[in-house]
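Observations on the model geometry
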Amino acid sequence: MKLRLTLLFCLLVCLPGILIAADTPTIKIETENISLIYRVGDNGRLYQHYLGRKLTYESDLNHLPQGTEAYLTHGMEDYFEPAIQILHNDGNPSLLLKYVTHSSSSLEGGVNETIITLQDDKYPVTIKLHYISYDKEDIIKTFTEISHREKKPVILSRYASSMLHLNRAKYFLTEFAGDWAHEANITEQELDFGKKVVDTKLGARANMFVSPFFQLAVDRKAEENSGEVLVGNIGWTGNFQFTFEVDNKNELRIISGINPYASEYQLPANETFRTPDFYFTYSFEGRGQASRNFHDWARRYQLKDGDKTRMTLLNNWEATYFDFNEDKLIGLMDEAVKLGVDMFLLDDGWFANKYPRSGDHQGLGDWDETKDKLPNGVGRLVEEAKKKGIKFGIWIEPEMVNPKSELYEKHKDWVIHLPNRDEYYFRNQMVLDLSNPAVQDHVFGVVDKLMTNYPDIAFFKWDCNSPITNIYSPYLKNKQSHLYIKHVRGLYNVLERVKAKYPNLPMMLCAGGGGRSDYEALKYFTEFWPSDNTDPIERLFIQWGFSQIFPSKTLCAHVTTWNRSASIKFRTDVAMMGKLGFDIKLEDMNGDEQQFCRQAVGHYNQLKPAILEGDLYRLVSPYGSNHTSSMFVDKDKKSAVVFAFDIYPRYGEKLLPVRLQGLDRYKKYRVKEINMMPGSGSSLQGNDQLFSGEYLMTVGLNMFTTQRLHSRVIEIVAQ
Ligand code: GLA
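Residues numbered from 1 in each chain as written. Predicted model: local features only at pLDDT ≥ 70, side-chain atom pairs only at ≥ 80, totals over all residues. Heavy atoms only, no water.

**Some points on the packing of helix α10 (residues 568-575) against helix α11 (residues 591-611)**
- At their nearest, the axes of α10 and α11 sit 10 Å apart, and the two run at 20° to each other. Compared by their axis directions, α10 and α11 come out roughly parallel. Crossing geometry of α10 relative to α11 is assigned as right-handed. Facing Ile 568, Lys 569, Thr 572 and Asp 573 of α10, the residues of α11 in contact are Glu 593, Phe 596, Cys 597 and Ala 600.
- Partitioning the contact of α10 with α11 into residue classes produces 4 nonpolar, 1 polar and 3 charged. (Axes fitted to C-alpha atoms, helices over the stretch in contact; angles between N-to-C directions. Helix = DSSP H or I, 4+ residues; strand = E, 2+ residues; numbered from the N terminus. Parallel < 35°, antiparallel > 145°, perpendicular 65-115°, else oblique. Left-handed = near helix turned anticlockwise from the far one by under 90°. Contact = heavy atoms within 4.5 Å. Nonpolar A, V, L, I, M, F, W, Y, C, P; charged D, E, K, R; others polar.)

Structural data, given as structure tokens:
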């Protein structure tokens, strides 16, 4: 009797709202082609029954095996990595989650949200699993909310955004690792029993050594156009972690989230810990379809100004580095006009007076124009640009400081540094402590002051060259383990303010190359700088890597003087596959080359509907090949553009035609090589002739040559 009363008491008091197990609801999260299915077990716990190709017959769902517990907790009977770990007020480190309720709602056409609420049966801890599904794009966005009503804060030592389970014969992980100037290299490995962890600890960015996304092929290695591939992405501009664990039953568990390294979080009662978003797609036609899913989704839902076009530009960085004055810059603006680009972008080196920014060792943090370089301020430059009919953009790196600066002298308490140790510098600079609201105001103020003084500034390049070093926040005092999380949240606060006040201001994201390449940051930025390496050969690989995830309108690609053994045409053709810019002086080119670049800008503008808004088909990979080719097809399949590059072909190599993709097989297309050096003709077989889409996709075009560093741009227009 006593036992029954206790049980009844527990049901009424400890477990408000927990359903009796007999209900065992099935929860379907679906897109046009994917099903993710959860069901509540007889024990009231939530299991992932299925993830894969869409299951359309409701009655079939009963046949699915139970699967593994959806969001595994520490301290219970599972022996592998948990998604969450909590220390309760009484010192108990366990969590047992039972289903409470779920809800589904339609957010807008084709976008639905499902929220599954789970609760511990002994402690007042609530976990909400959120799933936002984008029907047409086959993307699912997930995040988790953690809250509790214990008296004192609970300690969170793991807090995954998502946990997914797969049960297949084999698993192949593709990661995108590298280093500065060597970003997003593609390597693939089979996963066997045990764990593979992909993570970073850079603090102020996600990436330098490895990108915050992956591809996971099941049963066989990932291919471009066939096979099942799950592609995941974490939206967090800081330390992230993916854990891939194959268990004793050869089942794979994928845990994605903030890297919990040095980041135990004390969560007070009634406050919600919201994890970053994890986005994934599941393609049944290889990597290519997965990329197109992400590109479409990003343009439609995630990217800042995803549906808008992008500006071509001339940047002065590689043309001048820090060595410029007003006249030199105005001269470069004239060159921008000659090139026909939309904008002139002033890079690093325009600010600071006590310690003028003459190199990267001083001045960072002091955002007043250097008087002897720019006696009439930025205002004069903005005016000149206006007179010349081009836009003006400017570089900032507002989250950082050189120790040799007035900002550091005045506000050392704003700098992340260890109070009792020598300072360690990365590129002679340190990171400001964005967990501190006063620092957030300062960083916002850098943009706000420039925009207030010069409202015609039309673009920012926002840089962030140093990871967090000397890891100690003077502001957080005895809560140092919050630094990595609060710092990134502080950055988002600032970016929210910038976006709210200047909603139409396009911005490029840069972190010493591709250090910030994640979809949360791209909510605030229209594009990013994938690498400081602009050697066109390297760029073929780097852009191939990033194109797996990001649409071309986000991938800034500039024509520079890196690798002069490649012609200006080759360099420009590579850059035209992204968001085209120039970082070069006209005097670095002869007359023909200058004329070529002008024409190329014109061609690029014409091709924008295909390159920026269309579908990308990667035709021939540069990995393991002497050639590479990609094409873009506009959404109504009326026009397309194919890029073909011969890198280091072998003597006497057999060249095969390349089959195009994504065209309408019933349409007739005119095939025409464009973007050629002045005076040179095309040797393309079938140039300026009509072909059916069927022919182009079945037989293909002979686009490759045995000429070293040769490139082609071929326009395909429906008649
Ligand atoms: C970083 C960027 C470059 C340039 C320099 C300026 O390295 O990646 O493009 O802006 O900073 O210091």
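Picking up where we left off.
**Topic: the nonpolar core**
- In this structure, Leu 216, Trp 350, Phe 392 and Trp 462 are the most contacted members of the largest nonpolar core, which totals 193 residues.
- In terms of residue count, helix α8 (residues 483-501) provides more of this core than any other element does, 9 residues in total.
- The next biggest cluster of nonpolar side chains, apart from the first, holds 22 residues, and it includes Val 620, Phe 691, Leu 696 and Leu 701. (Core = buried A, V, L, I, M, F, W, Y, C linked by side-chain atoms within 4.5 Å. Buried < 20%, exposed > 50% of the residue type's maximum accessible area, 1.4 Å probe, protein only.)

**Some words on the sheet that holds strand β18 (residues 252-258)**
- In spatial order, the strands read β11-β18-β17-β14; together these 4 strands make up an open sheet with antiparallel pairing. The open sheet is flanked by β11 (162-166) and β14 (194-199), the only strands paired with a single partner. On average, each strand axis in the sheet is tilted by 15° relative to the strand beside it, whichever way the strands run. (Pairing = 2+ DSSP bridges.)

**Section: the confidence of the model for the protein**
- Across the protein, pLDDT averages 96, with 97% of residues at or above 70.
- In the model, residues 1-22 has pLDDT below 50 throughout and makes 17 contacts with residues more than four positions away in sequence or in other chains. (pLDDT = per-residue confidence, 0-100.)

**Considerations on helix α9 (residues 536-546)**
- The buried fraction of α9 is high, at 9 of 11 residues.
- Buried within α9 are the following residues: Pro 536, Ile 537, Arg 539, Leu 540, Ile 542, Gln 543, Trp 544, Gly 545 and Phe 546.
- Of the residues flanking the start of α9, the one acting as N-cap is Asp 535, its side-chain oxygen 2.8 Å from the backbone nitrogen of Ile 537. (Polar contact = N/O pair within 3.5 Å; in protein donor to acceptor, adjacent residues only side chain to side chain.)

**Comments concerning the site of the ligand**
- In the neighbourhood of the ligand, 13 residues make up the surrounding shell, with Asp 347, Asp 348, Arg 427, Lys 461 and Asp 532 lying closest.
- Contact between the ligand and Asp 348: an oxygen atom at 2.6 Å from a side-chain N or O atom of the residue.
- One of the side-chain N or O atoms of Asp 532 is found 2.4 Å from an oxygen atom in the ligand.
- Summarising the interface, the protein chains cover 95% of the accessible area of the ligand, which totals 310 Å² for the free molecule.
- Residue classes in the shell around the ligand are distributed as 4 nonpolar, 3 polar and 6 charged. (Near = heavy atom within 4 Å. Areas by Shrake-Rupley, 256 points an atom, 1.4 Å probe, with all protein chains shown as cover.)

**Notes on the domain arrangement of the protein**
- By the assigned domains, the protein splits into domain 1 (12-302), domain 2 (313-613) and domain 3 (617-718).
- Contacts between the two partners involve 11 residues from domain 1 and, on the opposite side, 5 residues from domain 3.
- Of the roughly 600 Å² buried between domain 1 and domain 3 on both sides combined, carbon and sulfur atoms contribute 31%.
- Put simply, domain 1 and domain 3 have 2 salt bridges between them.
- For Asp 296, the salt bridge is made with Lys 635, and the minimal N-O distance between the two is 2.8 Å.
- Listed by contribution, the elements that provide at least two residues to the side of domain 1 that touches domain 3 are β13 (182-190) and α2 (286-302).
- Among the elements that make up the side of domain 1 that touches domain 3, the one with the highest residue count is α2 (6 residues).
- Taken together, the residues that form the side of domain 1 that touches domain 3 break down as 2 nonpolar, 4 polar and 5 charged. (Domains from an automatic or database assignment. Buried area = accessible area lost by both parts, 1.4 Å probe. Salt bridge = Lys/Arg side-chain N within 4 Å of Asp/Glu carboxyl O.)

**A word on the sheet that holds strand β2 (residues 34-40)**
- Reading across from one edge, β1-β2-β3-β4 is the order of the 4 strands in this open sheet, with antiparallel pairing throughout. The sheet is open, and its two edges are formed by β1 (26-30) and β4 (68-69), each paired on a single side.

**Details of the environment of Arg 380**
- One can find Arg 380 in helix α5 (residues 377-388).
- With 50 residues separating them in the primary sequence, Arg 380 and Ile 330 have C-alpha atoms 9.5 Å apart.
- Each residue touching Arg 380, except ones within four places of it in the same chain, is listed here: Glu 326 and Ile 330.

**Describing the pairing of strand β24 (residues 391-396)**
- Counting buried residues in β24 gives 5 out of 6 residues, a clear majority hidden from the surface.
- Pairing geometry for strand β23 (residues 343-346) and β24, over 4 bridges, is parallel. Pairing of Phe 344 across the sheet is with Phe 392, part of β24.
- Handedness of the β23-α5-β24 crossover: right-handed.
- In the sheet, β24 pairs with strand β27 (residues 457-462) via 5 bridges, with the strands oriented parallel. Looking at the pairing, Gly 393 lines up with Phe 459 of β27. (Right-handed = clockwise from strand over helix to strand, strands pointing away.)

**Brief notes about the side chain of Thr 572**
- Mapped onto the elements of the fold, Thr 572 is located in helix α10.
- Classification of Thr 572 by relative accessible area gives buried; the value is 0%.

**Quick look at the pattern of salt bridges**
- Scanning all chains against the criterion turns up 50 salt bridges.
- The shortest N-O distance in the salt bridge between Arg 253 and Asp 78 comes to 3.0 Å. With Arg 253 in strand β18 and Asp 78 in the loop between β4 and β5 (84-87), this pair connects stretches of sequence that are 175 residues apart.
- You can call Asp 78 partly exposed: its relative accessible area is 22%.
- Measuring nitrogen to oxygen at the nearest pair gives 2.8 Å for the salt bridge that ties Asp 441 to Arg 497. Taken together, the residues span a long stretch of sequence, with Asp 441 in helix α7 (residues 437-453) and Arg 497 in helix α8 at a distance of 56 residues.
- By relative accessible area, which is 42% here, Asp 441 ends up partly exposed.
- Through salt bridges with shared partners, one network takes in Glu 326, Asp 334, Arg 380, Glu 384, Lys 387 and Lys 388.

**Some points on the pairing of strand β37 (residues 710-718)**
- The buried fraction of β37 amounts to 8 of the 9 residues, a majority that puts the element mostly inside the structure.
- In terms of strand pairing, strand β35 (residues 668-674) meets β37 through 6 bridges, oriented antiparallel. Of the residues in β37, the one forming a bridge with Arg 670 is Val 717.

**Description of the side chain of Ser 263**
- Along the polypeptide, Ser 263 turns up in the loop between β18 and β19 (265-267).
- Under the relative-accessibility criterion, Ser 263 is labelled buried at 1%.
- Here Tyr 261 takes part through its backbone oxygen, which lies 2.9 Å from a polar atom of the side chain of Ser 263.
- Filtering out sequence-adjacent residues up to four positions away, Ser 263 remains in contact with Leu 156, Tyr 159, Ser 481, Tyr 484 and Ile 485.

**With respect to the environment of Trp 414**
- Within the secondary structure, Trp 414 sits in the loop between α6 (406-410) and β26 (430-431).
- For the pair Trp 414 and Leu 434, spaced 20 residues apart in the sequence, the C-alpha separation amounts to 8.3 Å.
- When near neighbours in sequence (up to four residues on either side) are disregarded, Trp 414 contacts Leu 407, Val 431, Leu 432, Asp 433, Asn 436, Ala 438, Val 439 and His 442.

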